[in-house]
Each structure stands twice: as structure tokens, then as C-alpha cells.
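Letter by letter, the chains look like this.
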Amino acid sequence: MDVEDRESPLDVASDECVMLGANSQISTDEDSDEDGSGQESFEDEEAALPPDLEWEDDGDGDGDLAVAVDFSKKRSCAATARMFKLRRNLDQLDCFHRQKEHDMLKAREELKLCRQNVESVLEQRVNLEKEMEQQKADDNCVAVFRLRAQHKHLCQMLQGEEELEGQLNMELKQRELELSEVEVELGRFSSLRQEVDVEEKVFQVCKAHKAESRLQQERKASHNLKVKLKHLTEDKQAAMLKREIECQKKTAESQVSRKKAAKYLKETIKRMHHQEAEKEQQNRELLEKRIQAVESLKTNIAATKESLRAQQSRAKANAQRKEQQQRQLRESLQAQGINSIKHMYQHKALEKRQQKQEEFEERQKLKRVEIVSKILLEEKLVKSRKRHQAPQPKLTPTGKYPSLGRERDKLLDYLDTSPPSASQYKTTIEARELSDMSSSSDVEDEEDSMQQEGEQQSLAESLVEPEFSGLWDHNYKQLLQEKPVLVQSEEPVLASGKSNMSAKKCHGREVKGPSFISKPEVILFKDFEVGKMYKKKIVLTNIRYNTNHCKLLGVSDQLKDFISINFEPPGFLSAGMSCDMQAVFQPMINEDLGGEIQFASSVGLFSVPVRCTIKKCDLEVDSQFIDFGLHVVGQTILRTVTLTNKGALATLYSLDTSTCLSPETSHVPVPSTASANTCQKTSSQDTTCGSQRSSVSMVTDELQPKQESLELSEASQQEQPVSEASATGPPEAAPEACVSIDAQMDQSHSDFGDINLGNVREGEIGPSESIKLELVFTPTIPGEAKLDFHIKFSDLASKPIPIQVRGVAVSVPVWVVQPSIDLKICMFDRLYQDSIKVQSRASAALKVTFEVCQEMRNHMEILPKTGFIQSQSSLTAQLKFLPRCSLSKDAQEFFDKDTGVLDVPLTVQVAGQVTPVHFTVQAVVTSSDLHFDRTELDFGYCSFYQSVKSSVRLTNLSMLPQDFGFMAVPEFMEVQPNDGFGTLLPQETLEMDLIFSANKAKEYNFQLCCKSGINRDFLVSCRAVGVRPPLELSHSVVQFGATAIGDQSTAILYLLNHESSPNQSRQAGSSVVKDSMAAVAPRLFSFTIPKDSDISITPVAGSLLPGERCLVQVTFRPKLSEQQIKDEAVRLLHRATLLRHKELERISLAEQEAKKDVPVETCKGKKGPGIPKTNKLPDMPKTEQPTQSPDPADVQPSPEQYEEARATLLYSFTQRYSQHTVPCYVSDGDPVKEAQQAQPAWSPFNTLYLKLKCPAAQPPLVVLSNNGHHVIDFQQVAVGEKVIKRFTVQNISKESLDLRSSVLDLHGPFSLVNALRCIGPGGKHTLVLAFSPTLEKKCRESLEVRSQKMTLEMTLCGQGVVPAVTSSHPGDLLDFGYVLEKESTSHVLKLENSSAVAVGFRVLLASLSPSRPQGGADMVASLLGDYTASQLQPTVGTQNYSGLSVFSVVPAEGSIAPGESHNVTVTFRPDHSSVNYSDKLTIELMNKTQVCVMDVKGAASSCNMYLYGGDLLTVPIESLLPPPIISQPQLTDSEVREKPSIPVLVTLRSSYSSGASTAAVRELQVGCICSTQTKKSGEFNWDNVASLQAMGFSVEPSKGSVEPGQKRTITVTWTPHSGYKPYEVVQICVPLTLKGDETNVYSVTLMALVPTSSD
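This one's a predicted model, so the numbers in the text were calculated from it and none came from an experiment. (Residues numbered from 1 in each chain as written. Predicted model: local features only at pLDDT ≥ 70, side-chain atom pairs only at ≥ 80, totals over all residues. Heavy atoms only, no water.)

(A) A look at the overall build of the protein chain. For the protein chain, the helix and strand inventory stands at 22 helices and 80 strands. Burial analysis of the protein chain (1655 residues in total) assigns 35% to the buried set. Sequence-distant contacts, at least 24 apart, represent 72% of the contacts inside the protein chain between residues at least 6 apart. Accessible surface, the protein chain as shown: approximately 99,400 Å² in total, 52% of it carbon and sulfur. (Helix = DSSP H or I, 4+ residues; strand = E, 2+ residues; numbered from the N terminus. Buried < 20%, exposed > 50% of the residue type's maximum accessible area, 1.4 Å probe, protein only. Contact = heavy atoms within 4.5 Å. Areas by Shrake-Rupley, 256 points an atom, 1.4 Å probe, with all protein chains shown as cover.)

(B) Structural detail: a positive patch on the surface. Residues Lys322, Lys348, Lys352, Arg353 and Lys356 make up a contiguous surface patch of positive charge. Looking at which element gives the most residues to the positive patch, the answer is helix α7 (residues 340-388), with 4 residues. Following the sequence through the fold, Lys322 ends up in helix α6 (residues 190-335). Given a relative accessible area of 52%, Lys322 falls into the exposed group. (Patch = residues over 30% accessible without salt bridge, like charges linked within 9 Å, V, L, I, M, F, W, Y side chains within 5 Å. Salt bridge = Lys/Arg side-chain N within 4 Å of Asp/Glu carboxyl O. Lys, Arg positive; Asp, Glu negative; His and termini not counted. Charge placed at Lys NZ, Arg CZ, Asp CG, Glu CD.)

(C) Examining helix α4 (residues 77-137) more closely. With 61 residues, α4 should reach 90 Å at 1.5 Å per residue; the first-to-last C-alpha distance of 90 Å fits that figure. After α4 finishes, the residue Asp139 shows a positive phi value of roughly 60°. (Expected span 1.5 Å × (residues − 1).)

(D) Fine view of the sheet that holds strand β10 (residues 593-601). The strand order β4-β11-β10-β6-β8 describes an open sheet built from 5 strands, whose pairing is mixed. Sheet topology places β4 (523-528) and β8 (572-573) at the edges, where each strand pairs with a single neighbour. Summarising the sheet, β10 and strand β11 (residues 605-614) pair through 8 bridges and their orientation is antiparallel. When the sheet's bridge partners are listed, Leu593 is paired in β11 with Cys612. (Pairing = 2+ DSSP bridges.)

(E) The side chain of Ser1501, seen in detail. Tracing the backbone shows Ser1501 in strand β69 (residues 1490-1501). What Ser1501 contacts, discounting residues up to four positions off in sequence, is Tyr1378, Val1379, Leu1380, Glu1381, Ser1473, Tyr1506 and Ile1569.

(F) How the structure looks around unusual backbone geometry. Note the cis peptide between Leu863 and Pro864, where omega equals -5°. Mapped onto the secondary structure, Pro864 falls in the loop between β27 (860-863) and β28 (866-869). Cis geometry marks the peptide bond from Glu1596 to Pro1597; its omega dihedral reads -15°. Positionally, Pro1597 belongs in the loop between β76 (1593-1596) and β77 (1599-1602). Even without being a glycine, Lys824 presents a positive backbone phi close to 60°.

(G) Quick look at the packing of aromatic side chains. All chains considered together, the criterion is met by 27 aromatic pairs. Ring centres of Phe516 and Phe606 lie 5.4 Å apart, and the angle between their planes is 20°; on these two criteria the pair is classed as stacked. With Phe516 in strand β3 (residues 516-519) and Phe606 in strand β11, this residue pair connects regions lying 90 residues apart in the sequence. An identical accessibility class is assigned to Phe516 and Phe606; each is buried. Here the basic side chain of Arg1109 rests over the ring of Tyr1054, its NZ or CZ set 4.1 Å away from the ring centre. In this arrangement the basic side chain of Lys1285 is found over the ring face of Phe1274, its NZ or CZ atom lying 5.8 Å from the centre. (Phe/Tyr/Trp six-rings, centres within 6.5 Å; stacked < 30°, edge-to-face > 60°. Lys NZ or Arg CZ within 6 Å of the ring centre and 35° of its normal.)

(H) Highlighting the nonpolar core. Counting residues in hydrophobic clusters, the biggest one holds 36 residues, and the most contacted among them are Phe1040, Leu1055, Phe1085, Phe1087, Val1114, Leu1250 and Leu1252. Per-element accounting of this core gives the leading share, 5 residues, to strand β50 (residues 1248-1257). Look past the residues within four positions of Phe1040 in its chain and what remains in contact with it is Ser1049, Thr1050, Ala1051, Val1114, Phe1116, Leu1252, Lys1253, Cys1254 and Pro1255. Val852, Ile869, Phe894 and Ala923 belong to the second largest nonpolar core, which has 35 residues in total. (Core = buried A, V, L, I, M, F, W, Y, C linked by side-chain atoms within 4.5 Å.)

(I) Examining a nonpolar patch on the surface more closely. Taken together, the side chains of Leu225, Leu229 and Leu232 make up a nonpolar region of the molecular surface, amounting to roughly 270 Å² of accessible area. Note on placement: Leu229 falls in helix α6. The exposure class of Leu229 is partly exposed, given its relative accessible area of 46%.

(J) A look at the packing of α4 against α6. In the contact formed by α4 and α6, the axes pass within 10 Å of each other and the chain directions differ by 130°. On the basis of their axis angle, the class for α4 and α6 is oblique. For the pair α4 and α6, the crossing hand works out as left-handed. Contact residues: Thr80, Arg82, Met83, Phe84, Leu86, Arg87, Leu90 and Asp94 in α4; Leu192, Arg193, Glu195, Val196, Asp197, Glu199, Glu200 and Phe203 in α6. Across the contact of α4 with α6, the residue classes break down as 7 nonpolar, 1 polar and 8 charged. (Axes fitted to C-alpha atoms, helices over the stretch in contact; angles between N-to-C directions. Parallel < 35°, antiparallel > 145°, perpendicular 65-115°, else oblique. Left-handed = near helix turned anticlockwise from the far one by under 90°. Nonpolar A, V, L, I, M, F, W, Y, C, P; charged D, E, K, R; others polar.)

(K) Local environment of the confidence of the model for the protein chain. Per-residue confidence for the protein chain gives a mean pLDDT of 76; residues scoring 70 or more make up 74%. The low-confidence segment residues 1-74 (pLDDT under 50) makes 90 contacts with residues lying over four places distant or belonging to another chain. A low-confidence stretch, residues 1160-1187 (pLDDT under 50), is modelled with 19 contacts involving residues beyond four sequence positions or located in other chains. (pLDDT = per-residue confidence, 0-100.)

(L) The packing of helix α5 (residues 141-188) against α6, seen in detail. Following both chains from N to C, one finds α5 and α6 inclined at 50°, their axes separated by 4 Å at the closest point. Here α6 runs oblique to α5, going by the angle between their axes. Touching Leu186, Gly187 and Arg188 of α5 are Ser190, Ser191 and Arg193, all from α6. Considered class by class, the residues forming the contact of α5 with α6 number 1 nonpolar, 3 polar and 2 charged.

(M) Main features of the sheet that holds strand β26 (residues 846-851). The strand order across the open sheet built from 5 strands is β24-β31-β30-β26-β28, with neighbouring strands paired in mixed fashion. A single partner strand is all that each edge strand has here, and the edge strands are β24 (820-827) and β28. Direction aside, the axes of adjacent strands within the sheet are offset by 25° on average. In terms of strand pairing, strand β30 (residues 901-910) meets strand β31 (residues 917-926) through 8 bridges, oriented antiparallel. Bridged to Pro905 within β31 is Thr920.

Structure follows, in C-alpha cells:
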């Protein structure tokens, strides 16, 4: 059998209690598998070890256990597992025993309780039997019936209880038997339990030993780890020391580099000042230029406004004139009897039709222009494609090309010109198209021009062919690459229309080429001006050998608008004859033009080229390379360069020394006409620059100058295309262009080595003018000097001209190797030396003498003064410089006292050399003083427990860094920072803190010595007085942790009084310093907390006896100041106001735009209403100026704005650090007895100071609800009610927070309803709090919401109030009387609340209560006899058959405001006839307090007449089911009319006393119900009244009537007659008839008797 499958008997017993007796035996022998008993011994049981016992398998564990128990035995794992399983089974058996014992005790308690119930039921049965006997004696049958029912119920209960008692008794015996069996089992395993206890003790000892050995191993490992960490720390310290050494080296290197850079400090500052002055001057000039430009712009704007105003007035006058004309026309038509409206309408319709016709024609013209332009463009593209793909021309049959002669040269010259620009070509095409459209034969002219163009192109191609193949292939290739000029003509060509001229024979010779030549060969209009007229005379000569004629065809399209030809056809001309013609050229645009004049002859076509060129610049220099040659240093040589302008256009030039020119800087920028007057400097430039403009050709990308007059330029500015506007630039760019010109001028003026430009560096060169430019070579340094510069021009077509200048300089034979000796920065009264090296290139020895000026001889010396320098050798002299303090007086010329700069010129006289050798010595001389701002310090009185700090400012007046250090500082002094050592940079000021800490009560007078790096001493005198206060603080500095806003941090310290004797209160020392001389007395102390601080101290004041100490608690509660919140609220308010103003402005502007966009609708054929014309523009919205930020003191934000500002500050709060010093004033002692009311003497010497460091941080938790307040006020709450409030907190930190809360009073009125949880960053959590007061009092309690970083304290407060509510009905009984069935009546109850809180109420009906009794036995007593509220319980009577409540209340619950009242309506609505309607109505408050309790009663009748009174004949309990309908036999009419009478019993009891009996009186009520169905009155009548009287009965009244809603009382009286026998019952039945809407007969039985005294 497997170990895991085996199960112990204890396990079986724990699971199955019934099988305990059979399976509870534990055997030491193991049964076989065949027995199947399922039992086994604990010794052989093996199981897997638990995880915490796995260490038992180790080898070491066996040895430990052997030591603890027996060294000769080893403990196995199976034995340990057996021990644990035995312990587990024994524990289960103990648990089973406890369970059985508990079950037995429980059975005993149930049996005891059952016996008590039996005794109680027996006692109730006995009492009930006694009460039954009494009721039988009283002859109360109804009560007897009720008591019998109760007796029967009690008997049944008694029987059930007895049966239950028997069951419980048996169960108890069973439990006791089971418990005894378990106890027997426990006794059997007692020895085994003792064995397990011993084994467990041994196991614990082994485990403790093992733990101790492991602890030793861990300690050893920890020791090894500490040693290793120690070695690592030593290595880190060594590495850190190495890094510090390297850092010191780097610091030394940086100081050296700083010293090297210090000499350039002054020079750099001076250069910066100079540059700033120049920049300021340039800015000033630029500002003046801009001001002038703005003034000119204002003038132009004013002129434009005037012109616009004039145009508006003119338009207005035209409109008025037109309106007047229409009015006159209308009047004249009306006078003639014509319908003016119809006529005007027809006239307007005609005008509209004409206008539409004109628009249509204009659109057609535009479309036609577009079509023609597209056709021309396509033809051009086709021709260019054919020309590029044209094959090589073929040879003529003769094998030779025709000779071209002079025509070829002419054509080459003609084709050599640049093609016209795209703008010219476009203008010509548009002009030709417009002229074509205006002519009558548009299509024919277009075809002729296309044909003429083809012929001209073929002619050009034929003329390009050479006479012999390969003769001028190069030119031919060039001509093929160029685009031919397209020429079109207006006149039709000859009928032949061939592209090549046909060869013609003359006198046997074949002649080719043109038949006429022109003189001049090319008609040239050079340097023309726009607006002028030019004329040329041309002579045409017939060069053919036969007679020929000449016919003018026209000119090219490009020249059609500018050239006119005066030509009269001469007829036929013989060979060699000529004719004249005149060409008139009137240019309108400032552009180069080209074309030809076309003629036709008998041979073919020929043309005369025409070229028109504008004024251009043709600039050149006489030489582009200038060589000055070889010259000695010190000479001055002058050269000139001649700049010549061969063109007819003037231009500006400037010399640019930059080595490379970018395309943007290759021309001199010319300012635009709008700002020309601000950039020009001479009057000639004003006139030239005013007429010059530049444009960019978009086809050829070449720059061509244009020149127009000022009027044309101003007129064309409005029609200028966007490309030209973008190329020209806005007028605002003119000042910047001027600035760039000035910058270039200033740059050109700077020197470039030894070769400099002359004074003339920019200017204007006119047409056909020459200007000489000077170049000056002044060599100062031996060697070759170079200068490359360019001459730039404002003309865009002129390229810059580069010029190179070269020159070589030769030095003197003797020179100083270092001509400028810089001694850096020197200090006064310190010696500085340097060497002077003189070099000679002469071939002989020379004598040199060093000369020092007279002013510097007391400070500077050169040794030796005279010496000889050998040929091709050098001489070294020693320079000594010892600046003295009188340097500023001795050498004022060379020394600047303000800056400390010294510049001394020295000379070296060379024998035989006229020019001495000059060199300079430069130095910056500075002082070595260290300056204290105060040389005397008074620390005043200083306590033993405090330190006094005083600051002095130490300034380095030198221009060199200086080391300093305070030497021999006393032990009671401390100098910071860096313990008084450091380095001061030039002109640096360092604030030194001198801290004095007294150690004795005496006067201190001492001096502090500060030494500089050059061993100079600077002294500071100090004095102080030491004082010992009588009290002492345990801590003088308190460092709070980072505390969140709304949280608090607390620090605890002690205030000690260390005095113990009268002598100790006196301090020995000087006569100045003395403590109080009074006897030892309590010392008074008082803390003065800073105003508006977040600090609180407890206690603030008190007294201390000698040797006592006082605990002082310091609390830091950071919060936002009121001023900060108000400022933030004002800022938010101001921002909201600005946003509101902007929104209003936007809305108003939108409304204005909407009004402007509304179109004016006019009806066709009808004249709309007249709209008054006005020139006034719509009023623009008045934009309010943004309000200025108000003063926070004048603005009082609302509470919402205040809380919003507070929340904004909390969300944006980062951190705040504040530091407070709180003085603690200590008295000299109590006042004397004679003056107890006087103030104690406070000595400033005894004052203690507590320093508080208070860092505040952003709160991780903020309150969102309750306007951010930390006080939750439940206000007034009625006692017994519960009010719930919520407040929400938010996590505004970046970490998750675990929320916890403090414990509220368990018996208090406040409670936390929900649980707290963890909230993430930005998360929110709502806390639900409840307030339920039980007493009338004010309650207040604190709730702390804790997190990891802060504690949020909330204050809960509320007041319990006892509600005071009264009812208008006193209670007791509320009787509705009789009503008709299925009708209703109501009664209003008024509830009035006289308390100060709103009170909730509810109205309860017993019939609607789920806990009301189901039986009706308890309701009988209330319906018997008279009603007494003190004795009878309220009842629930008959209910409606429909299931609806008989009595209803509206409202069932509600709330009554303080001091107000509330109405509650009770409605009685029965659905069948009954007199047993009743219910119990309770009005109670929400705290279960009852306002009033009343019984509600009512009756219902089927007719309006009813009878009330008499004895009760039936049980008042009715079934909820309607009465059953029983089938009856068919009755006769008389039987149907007769209704059954209603029985009524009236019992009269007369009393008998003293031998006489008194009359018995009973009353009956007859009433008439007032309803909406009928308002008929009723009647009643007694029948057989005589028989009643015979038996002693009398009825008053016997008959009568009853009004609706009224009642009448019928009095029945019985007087016993004289022969009445005792115990005789007098009985008679009399009918009583009630007549109303129905007639009812009541059978009234009158029963009278005289009871005896025993009854």
C-alpha cells in the first residue's frame, strides 16, 4: 500500500463522527492488504517533508541532532515527519473533542430553554383558566369564546414544547455519549502525546543549535564583506586623491592661461567701445533716413487721400447729375402724356441689353486673342522642331553654292545681335493681334503673315549656305544653333511665294542674290531716348544688270509700333539707279529693338536690317595690372588708373577690395525712386538715380538696363507685374540697401597692408567721361605687398573690372627683432626685466645707442646703454622696469592713470644711419592693494550659546589675481568661506563672514591679519563682549523636513535653567559685563514669534526655577498667505475681464460684418422703396481699451474666485524655503515684593535665539469639494436623524498614495462610512461622512487622512437639535362618522415645526404595517362599550373588498421647514356598508419620536338614513370576501317589496335602591348623510308606541325628520311598573322606519331588567 494512499484513523474520525467507535483504534502492527482495515502504525508512516523542514536532509543536521539528543543515534527524516504527523493528528483529535463538548453544552442550553418555555406556557394556561371561570361567572359569552380559543392555542403550544423537550433530551444523551467516547480516545493516546512532546522539545533544541551555527557563518561572511568594503573604500580614496591632484594641475593651468589672456582684456574692451560708438552713429544715421522716408510716405498718403476724396466727390456729383437728368426726363415725359415708368423701364432694359452685348463682344475678342496666341505658339514649336531636325542642305546641280558676297556679311552682322526679350516679343505679338482684329480681312492677313514668315525663314537658311562646302563650317554651325528672327508682314507676298530666290540669267550670266543694296547697309538708331523722334535717310540702289522695280512690303512686327517709312515707289529703275526713303523712329519703350524693312522686287524679296539700341555703358581701364617695383621702407609712391566710359549712359562705381564676388554683390546696388533722396549724397546722383530702374528678362536670363523718365516710371508702377515687383523689392528695403552701401564704403576705407586706395573710391562716371583713380604704396614692412580689388558698377549689364597691384619693400640694415615689447601687467614697486635684441644685416660693425626718454628714466633702464653690433650679427640688451607710485606724475604723456596702460616709445641710434630704429615698450601697471570696506568691527554683546556674524567686503584693486589668507586667527573667531583663504580675480569683491563665538565672559579686543600673495599685510580691528545667559536651549537650530501645504511638522526641544546657587547668577569679568545681582529667583522667558509666519511655539511664555527644564514644542504649519491668494485672484479676474472684452469685440465685429454682407434685393419691373443716400460710413465698434491691472487692495474677489485662486496656487506650487530667527527674552529675575505689578526687567544680554529652517513643498493631496475648506460643517441636525456629507480629495503628485485615516470616536456622532483606498497620480477619492447626533449639544471632532507624504486634517463639526413638532389634533380618536358607500370624506391634520431645523416625518397606518397581528381577537374590546384611549389598544377593523385601503394619508412622509407648518390629509373611502371600519394612525419623526397616535373610525351605509346605537349583536371581524350570492326561489311582487328588517337590541338596566327603582335611559342616534348624489332629507317613525307604553317604555320623539348632514337623538326610557318582579326581563320588539332615498325598517328589541347588587 502506498504511503500517500494510507489514511490514519484520526483522519477518518475527524471526517465521519459516526464511525468513530469502529475506526479509532491505533495499532503498532501493520495489517496486511487483504484485511482492508485501513489502519497502520505511526512508526511506519512516512510522508513528504514540508518546505520549511528540507534542511533536515543535510549531513550537518544529523550531527546537530546527535549532539542534542544522543551522539550514538542519528535522526532520520521519516522520524521527523512521523513526529509532525502525530502532532497534527493529536491536534485534530483535540479539536474534535472541543467540538463535541461544545455540541453537548449547546444541547443542554436548548433543553433548559425548552423547559422554561414549558413552565411559562403552563403558567399562562393556569391564568387563562382562572380568567375563563371569571368570565363565565360574569356571563360574558364573547370573552369566553375568545378565551377558549386562546386556551386551545396554549394547549397546542404546550404539546409542541413537550415533544421538543423529549427530542432535546435524547439529543443531549447522544452528545454526552459521543463526548465520552472521544475522552476515552484521548486517554488511549496520552502516552503517545507525552512522547510527541519530548520529541518536539528535542527538535526545537536541534533547530536552535542549527540557527546558531548559521548565525556564526553569516557573521563570518559579514566580517569578510566589511573587510572587502574597507579595501574598496581605500581604493576609492586613492582614486579621489589622484583626481584632486589632476584637478589642481588643471586649475593651475587655467590660471596660467587666464594670466596670458588678461593682457588683451583692456584692448578688447576699448575695441568694443569703439565698435559700439560706430554702431550707435550708424543707427542714428539710419534712424534719420527712416524718419525722412516715413515723412515722404505720409506726404504721398495725404496726396492719395486728396485724390480719392476728389474722385468720390466727382462720383457723387455725377450720380446726382444723373438722378436730376432722370427726374427731368420723367417730368418731361409726364408733361407730354407719355408713361414715364414704362419709358424708363424700356430705356433701362435697352441699356442692359447693350451692356450685355458689349460684354459678349469683349469676351469673344479675348477668346480670339487666346486662340491666336495658342496657334502662334504651336506653329513656333513646330518650326523650331523642324529646324532642329532639318537635314544637311544638298548641293546644286552645278556642284557649287551661289556666291553671297556682301549680303552674307550683312546677314551675319544682323544675326549677330541678341534676340529680343520675351516681354518685347509678347508685346509685339499682342499689338499685331489687336491690329489684325481691327482690320477687315483678319483671316487673309493671318495667312499672308504666316506665308511671309515661311519665306523669310527659307531666305535666311539659303543665305546661310556657303559658296563652297566646308568653307565656313564653323560659322554655319553657329548660325544653325541660333534662333532666327521671326518676321511677319501685313501685305500679301508675290504670287510666286517661293522660299528660295530663283536664279535668273542676264546677258548670258546667271545672277543670284538681292537686286538692291541699301546705304547704309544697316539702319542703326543708337542711344535713343524714349519720347524723342529720330529720322534716317536710306538710299536703295539697283545692282542688277537689268531694269528692276522696288515695292515696300512693311516692317517687322517688333518695329511696327515704333517705326514709320516714308517711301514713294519710283517705278522701274535701270541698273545702277537709286531711290530714297526716310525711316522715322519714335520709341515708346526703353528696350533694344531689332527687325527689318521688307521689299519686293521683280527678282524676289529683300530686306534692310534695322537695329535700335538704348543708352548703355561701355567701361574699360587703361591697365588691369599695376607694378610699383622695388622701394625702401618709409617711402610713398603714387600711381593712377584711368577708368573710361565709352557709352552714353552714366553709372555709379565703387572700389571693392573683397577677393571674390558673389552674384548678389557683383554690382553696386542702386536705391529705388521712392527712397532715392535718402541714399544719394550729391545732386548729380539725385537726377541719375531717379531715372534708373532694373528689370529681369524671364526668357534669356540676361540683365538689361532700362531708362525711363520719372513720370513713366510712376505711371507704370501701378501696372507693373508681380515678377518685377518681387525683383525690385519693397520701398522699405531702401534704407537697408543704403546701410549696405555705407558698410561697404567703410570696409573699403580700411587699410590693406602697405598698398592703399586713394581718396576717390566711389562716385559717378558720365557718358564718354574718364576718371583717374589713385593708388598709394607706403611700405612699412619689408616684403612683397599685394592688393586685388574690383571696380563695381550700378549698371547691371556692366561686369566688375578686376585690378591687381603689386609692390616690393626693402628694410633698413639695422632693426629690432621685437619692435613691440609687451611686459604684460605689472605691479607698482615690483621689478620686471626683459631682453632687447638688435639685428644687423650690414657688412661692417655698427655702434648703437639705446635712448630712454627723460620722463621714464626713474622707472626704466636699458643696460648697456651703448654697444657695437658686428656684421651679420645681433646685440642683446637688458631692459629693467621698476614702476613707482610717482609714475602717473612723471610720465603723464605715456601713462593713462584711469586704465593703467603704459606705452613708452624708445629709439636705437645707429651710427651712420639717419633714420633711428624705433620700438615701444608696453605694459599695464596696476596696484597690489587689497581693500576692506571696514577696518573696524564691533560684534557687540555675544552669548555663550550664540554666534555673531559680521560681513566685510574684500576687494582686489589690482588687475591681476591675488591670493589671500587670514593668518593666526584666534580660536573664538571663524572666517568663512574656505576658512579665510582664497584667490581674488581682478577687480573682484568677495564678501567675507567673520563669526565670533564667545567662550568667556569678558571683553575682547584683537586684530585679524590678512596676507596677500606678495606678503603684504592688511589688518582689521575687532572688539566684542562675551555674555552668559541664565537659560539655555537644548537646540539652537531646528531643521524641519519638507512639509506640504496644509500639513504640519513638530519639533521638541528643552529650555534649561542651569543656575543652582546665588553665586552662579553673577558672572566674573569686566565691570561692563555683569549679570543680574539679585538673588536666585525664577527666570521668566518669552518667545516672540515673527509676524505672519507659519510657526507656533508652545508654551510662548513661562518661568523656570533654577535647575528646572521646560519642554518647548515648535510647530511648522505652512500655508498660502492671504495676500498671495488675493493677488492671484485679481490676476485671474483681470484675465477673465480681458477675455470677455475680446469676446465682445469679436461678436460686435461679426455683427458689423454680417450687416455689411446683407444684399439689397430689388424687384424686377418695380421700383423699390427709396433708400436714403448718405456718405457716412457705418460706425465702427468702439473697441474698449484693455483695462489696466487693478490694485489688489481695491478689489475684493468673490469666495468662488478666492477658492479658484487658492487651488491654482496649490497646483502650481513647487517649493518654498523660509528661515526664521525667534528671539527668547529672559528676565533678570522676578520684580521686588513692593512692586509685584511692575514689569520684570528684560536684559538684551540674556536673550536666546532659535533659528528655524522651514522648507515647504507642494501638497500631494488637495481637497476639491467644500471650496477647498478643511472644515466640514453639518450645521444643525435633529437628534436621531443622520446627515451624510462627502468631500473629495485628489492626488496631484506623481506617485501613488495609500490613504489611511485616524479612528473616530466609536460612541460619537461622527462616522466614516466608506473605506479608503490607494489612488494613483491625478486620481480622486470621495470620503463619505455621517453625522447622527443622539444628544442636544454641539459636536466637534478631527479626522486625519494620512498618506506617505502628508497628513490632511479635516475638522468635523455639527450641532444636535431636539425637534419640536406639534399636531392640530390632540390624538385619541378621529371619527369620520357615516358616509355613503363608495364615497369619501377627508380630514386635515396640521403639523407645525417650532424648532430651528427642518424635520422629516412619516405617517403610519396600522392596516398597512406588515407586522400587525393577523387575528382580530384584540380588536373586539375597542368596539365594545365606550372608547377610552388609556385602557384600549388601537385596532384595525373592516377593510375594503377591492383591496384598497379604507383610510389613506397624503402625504405619507415629508419634511417641515423651520418655523413652518405642513398639512396632512386623512381620507375615508369605504366600498361597502359596515360600521366596523377602524384603523390606527401614527405620526412619527425620522428619529422614531411619535408626534401623535390616534384611532381612526368610520362607518358606511348604502342609503342616506342610518341608525346608530344599541348593543353589539355580531363579531366586529368581517371577512374580506363579499357575501356569497345564494340562489333563491322566485318571489312574488309583495315579497320583493318587503325588505328584511334590521335587528337592533337595546338593553336598559334600572337600578334598585332603598326599596325604589330608578328609570333606565338609553339613546339612539338617527342621522341623514349629506352626499353629492342626493340632498334629500329623511324621516323616522316608531310603530306601536302604545304597546311600548304599556310595558313601561317611552320613546321621545316618536317620529320626525332629519336634514342632510344632521343627527337627531331618540331617548328610550324604561320605568319599572309597580308589579314588577325581580329577575324578570321585560322585552318587546318595535319596528322603527327610516325613510330617505330608501326605506329601511329596523326591528328594535327593547329588553329591560333590574340587576341585583351581586350582578
